[in-house]
Amino acid sequence: MKKTWWKEAVVYQVYWRSFYDTNGDGYGDLQGVIEKLDYIKSLGVDVIWLNPFYESPDRDNGYDISDYYGVMGKAGDMPTFETLVKAIHERGMKVIMDLVVNHTSDKHPWFIESRSSIDNQKRDWYIWKDPKDGREPSNWRSYFAPSTWELDEATGQYYFHSFAVEQPDLNWQNPELRSEIYKMMRFWLDKGIDGFRMDVINLLAKQEGFPDAENPFDISYLANNPGIHDYLQEMNREVLQHYDVMTVGEIPFVTPEEGLLYVGEDRNELNTLFHFQVADEMATWDMLRYKEIQTRWYEGLKGKGWNSQFLNNHDHTRQVTRYGNDREYRVESAKLLATMVHTLPGMPYVYQGEEIGMTGVRFDSIDDYDDVAMKNKYKELVEKGQDPDEVFESLLLPSRDNSRTPMQWDDSDQAGFTSGRPWIKVNPNYRGINVEKALKDPDSVFYYYQKLISLRKDHEVMVYGDYKDLSKDDPNLYVYTRTYNGKTWLVILNHSDKANSYTPVSEISTGKLIISNYPNEDCADFSETMNIRPHEARVYELNI
Ligand code: ISL
Ligand code: CA
């Protein structure tokens, strides 16, 4: 496959509002990112992904945009953003922005105009429908609300929203709207950014006629509808192909076959994607299923398209809590998961705080939470008569706030994140888990990430290597090889609280240890069965 800079890159996701606050208002800000750039750079990453900082009423933490050309006051201002881009580039890194164009805020002037009357010139920029039999036009559920439809009393029509009521969907069938979006994309690209992470980009096209769903809870009807590839090819033609940038599409509900339609190199749409067969669809760790997903995606995209690797982000509970063991094996487990993400085929993503093994959180009351998805769900279920304590309990592990608590910089008040009152409480474990402590400990999760990331720079096998799973039916061990240009790496991961033995396949003789999260001999003799300790990870270069 053709080599490109982005295929070789490691991305660090900055959820700026929880990263570092420089003015004491309790929100992280762009200036905070500038001040911590040397820290990010020291990890060795290549690209920074910034979550949305556009002007927004902030109902959904910036994913409800009211002005695509403005910077949210909490984040800073345009000159600060421009300084940030420059500072990132000066350090040899790149920056990608979130592109949120499936919906806007209901406070966006376009929507205010659109809702003002049926014959308004922007009426068609959003999706409006008459009631059906006096009620919602279809039985569809939205991500964050019981219905995708909201009645607007003034005109008697419903508008469509895939997410919260305050996030009306744009009508991509309207060519004027599309060209307005392309213009906006060029505005940011011309400021020198290096690409976009595209929010729910496969939701842009809607099903013709909005037919009732047999099971409204399976909301996959929102995604991958006819017309989507025309929009993305047009976006590529009009905008993307004129810049040397990378794009990663957030693409829920796809199989590898459909995924390839978005990222196939001959398709001229997107470079890479996030599929959600793990993060959305695998509630807790399931080794056999995970391997099957990896193999299927590897086979599906092989030689034709590029994947991403991640286990958490600002929407999904921290990986060491959800998929590892954040108690007695927190450090080992955080390192094992990192080893896996960075040695599987695809671009690895590091979500801020992951590199020090930050964990999920458990606050005492629903009032301590902020996540609109969680709060709306809580309200819906409690109003239906379910027991509030039980509802609360059931929403704790999936709450998006698990990964939105402030970055833990040191053991001072508020984890060194802010001198004020943070917008969301810090995780009480910050005295034990913080950057300052990690940087003083040569065995910390941080230095392990640093090493893993630097290995990628010297070993193309981590990027371009063929992948082969040697452990398909093993529920605890994950053993695979990556092979490139005559070099083979063997990865052994014991995803379990117990030791497990591994018997190497006969054609392997010896191997040189590349990295491990436990003390191990530099050279391994593969003629004997090996004892792999709890959450142990080892990577070898093989002599075959
Ligand atoms: O969070 C999820 C499940 O808990 C995901 O399904 C997520 O809602 C979905 O992938 C879409 O997420 C993106 O668009 C949303 C925004 O709230 C998320 O933060 C964003 O990542 C609407 O813009
Ligand atoms: Ca601030």
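As a reminder, the structure under discussion sits directly above these lines.
Model, not experiment: these values are computed from the prediction.

## Brief notes about helix α3 (residues 78–90)
Taking 1.5 Å per residue as the helical rise, α3 with its 13 residues ought to reach 18 Å, and the 18 Å between its terminal C-alpha atoms agrees with that figure. Listed as buried for α3 are Met 78, Thr 80, Phe 81, Leu 84, Val 85, Ala 87 and Ile 88. After α3 finishes, the residue Gly 92 shows a positive phi value of roughly 80 degrees.

## Focus: the site of ligand 1
In the vicinity of ligand 1 there are 16 residues, among which Asp 60, His 103, Asp 199, Glu 250 and Asp 315 approach most closely. At 3.0 Å from an oxygen atom of ligand 1 is found a side-chain nitrogen or oxygen belonging to Arg 197. For ligand 1, an oxygen atom lies 2.7 Å from a polar atom in the side chain of Asp 199. In the complex, the protein chains occlude 90% of the 500 Å² of accessible area that ligand 1 would expose alone. With respect to the detected pockets, ligand 1 is housed in the largest pocket. Class assignment of the residues belonging to the shell around ligand 1 gives a composition of 5 nonpolar, 3 polar and 8 charged. When residues are assigned to domains, the shell around ligand 1 turns out to be shared by domain 1 (8–93 + 309–361 + 405–458) and domain 3 (175–306), each giving three or more.

## Concerning the side chain of Glu 234
Structurally, the position occupied by Glu 234 is in helix α6 (residues 228–238). Glu 234 gets classed as buried once you look at its relative accessible area, which sits at 18%. For Glu 234, the side chain forms a polar contact with the side chain of Tyr 182, separated by 2.7 Å. Contacts of Glu 234, omitting those with residues within four sequence positions, involve Arg 178 and Tyr 182.

## Description of the pairing of strand β9 (residues 195–198)
Two faces, one strand: in a regular strand the side chains alternate between the faces of the sheet. What you see with β9 is no split at all: Gly 195 and Arg 197 on one side and Phe 196 and Met 198 on the other are buried throughout. The sheet contact formed by strand β5 (residues 94–99) and β9 spans 3 bridges and is parallel. In the sheet register, Leu 99 faces β9, and the bridge partner there is Met 198. Where β9 lies against strand β10 (residues 246–250), 4 bridges are found, and the strand directions are parallel. Residue pairing across strands places Phe 196 opposite Thr 247, the latter belonging to β10. The handedness of the β9 to β10 crossover, carried by α6, is right-handed.

## A word on helix α14 (residues 445–458)
Taking 1.5 Å per residue as the helical rise, α14 with its 14 residues ought to reach 20 Å, and the 21 Å between its terminal C-alpha atoms agrees with that figure. Along α14, the positions that sit buried rather than exposed are Val 445, Phe 446, Tyr 448, Tyr 449, Leu 452, Ile 453, Leu 455 and Arg 456.

Cut-offs applied
Residues numbered from 1 in each chain as written. Chains lettered and ligands numbered in written order. Predicted model: local features only at pLDDT ≥ 70, side-chain atom pairs only at ≥ 80, totals over all residues. Heavy atoms only, no water. Helix = DSSP H or I, 4+ residues; strand = E, 2+ residues; numbered from the N terminus. Expected span 1.5 Å × (residues − 1). Buried < 20%, exposed > 50% of the residue type's maximum accessible area, 1.4 Å probe, protein only. Near = heavy atom within 4 Å. Polar contact = N/O pair within 3.5 Å; in protein donor to acceptor, adjacent residues only side chain to side chain. Areas by Shrake-Rupley, 256 points an atom, 1.4 Å probe, with all protein chains shown as cover. 1 Å grid on protein atoms, 1.4 Å probe; cavity = no way out; pocket = protein on both sides within 12 Å on 5 of 7 lines; lining within 4 Å. Sits in = over half its atoms within 2 Å of the grid points. Nonpolar A, V, L, I, M, F, W, Y, C, P; charged D, E, K, R; others polar. Domains from an automatic or database assignment. Contact = heavy atoms within 4.5 Å. Pairing = 2+ DSSP bridges. Right-handed = clockwise from strand over helix to strand, strands pointing away.

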